[in-house]
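One letter stands for each residue in the lines below.
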Amino acid sequence: MAAHNDGRIYPDEMPLHSVSAGAAVVREDGRLLVIKRRDNGEWVLPGGVVELDEDPRDTVRREVLEETGVEVEPELLTGVYKNMRRKVVSLVFRCKPIRGEAHETDEAAGVAWFTLAEITTHMAEPFAIRLLDATAGGDPKVRIHDGQRLFSNAD
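So, a few notes on the structure that sits alongside this text. Source: prediction; values computed, not measured. (Residues numbered from 1 in each chain as written. Predicted model: local features only at pLDDT ≥ 70, side-chain atom pairs only at ≥ 80, totals over all residues. Heavy atoms only, no water.)

1. Section: the overall build of the protein
Phase 1 of the analysis: When helices and strands are counted, the protein shows 3 helices and 8 strands.
Phase 2 of the analysis: Seen in sequence order, the protein has helices and strands lined up from the N terminus as β-β-β-β-α-β-β-β-α-α-β.
Phase 3 of the analysis: Split into buried and exposed, the 155 residues of the protein put 39% on the buried side.
Phase 4 of the analysis: Summed over all atoms, the accessible surface of the protein reaches about 8,900 Å², with 50% contributed by carbon and sulfur. (Helix = DSSP H or I, 4+ residues; strand = E, 2+ residues; numbered from the N terminus. Buried < 20%, exposed > 50% of the residue type's maximum accessible area, 1.4 Å probe, protein only. Areas by Shrake-Rupley, 256 points an atom, 1.4 Å probe, with all protein chains shown as cover.)

Here it is, written out as C-alpha cells:
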C-alpha cells in the first residue's frame, strides 16, 4: 500500500479485513456454550461475520440462536482477536443465556456446555483463550494469532 504525493491512502487501496463477533455464553454454573463446526469438526465459540449494516451485538444474538437454539443477551466486550493468516478481526462478548435449549443445527454438528478444563483440552488455543479471557474479568484483551497459536499472550 503506497501513499500518494498528498500523503493520503485512498479507499480502494485500504487493507481489507473481515469482522466477526463471537459469544462467550456463560451459564450460572460457569459452563460455557461451544459448538462443533460441521465444516471442520473444530470446537469453537458460537459467532459469525458482522453484516455491513449490523451492530456486532446483534450479530452475536443472531448467530448464537442460529447455531445453538439458545437466545442470549450480550453484556460486555471481553476481547479483540486478530487472525493474521485469515485477516479476520473478531470481537468477543460475554453473554448470558436468556432462553432455549442448546441443540445441534445445520451449522453445528455438536453443541455442549464445557467447563474451563474441557475448553483447554478440546479447543485450539486461539479459541480457548477467548473463553478464558471472558471468564477472567478485567479490561478487554487484545490478542493476535495465526488460527492455531497465539503470537502474544498478553495485550
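From this point, the narrative continues.
2. Here we look at the packing of aromatic side chains
Phase 1 of the analysis: For the structure on display, the rule yields 1 aromatic pair.
Phase 2 of the analysis: A centroid spacing of 4.9 Å and a plane angle of 45 degrees characterise the contact between W43 and F114, whose relative ring orientation is tilted. Taken together, the residues W43 in strand β3 (residues 43-44) and F114 in strand β7 (residues 108-114) connect sequence positions 71 residues apart. With respect to burial, W43 and F114 carry one shared label: buried. (Phe/Tyr/Trp six-rings, centres within 6.5 Å; stacked < 30°, edge-to-face > 60°.)

3. Quick notes on helix α3 (residues 125-136)
Phase 1 of the analysis: When the terminal C-alpha atoms of α3 are compared, their 16 Å separation across 12 residues agrees well with the 16 Å that a helix rising 1.5 Å per residue should span.
Phase 2 of the analysis: Taken together, the buried positions of α3 are P126, A128, I129, R130, L131, D133 and A134.
Phase 3 of the analysis: In this structure, the buried residues of α3 make contact with β1 (18-25), β2 (32-37), β5 (71-83), β6 (88-99), α2 (116-122) and β8 (141-145).
Phase 4 of the analysis: Just downstream of α3, G137 is the residue with a positive phi angle, here 80 degrees. (Expected span 1.5 Å × (residues − 1). Contact = heavy atoms within 4.5 Å.)

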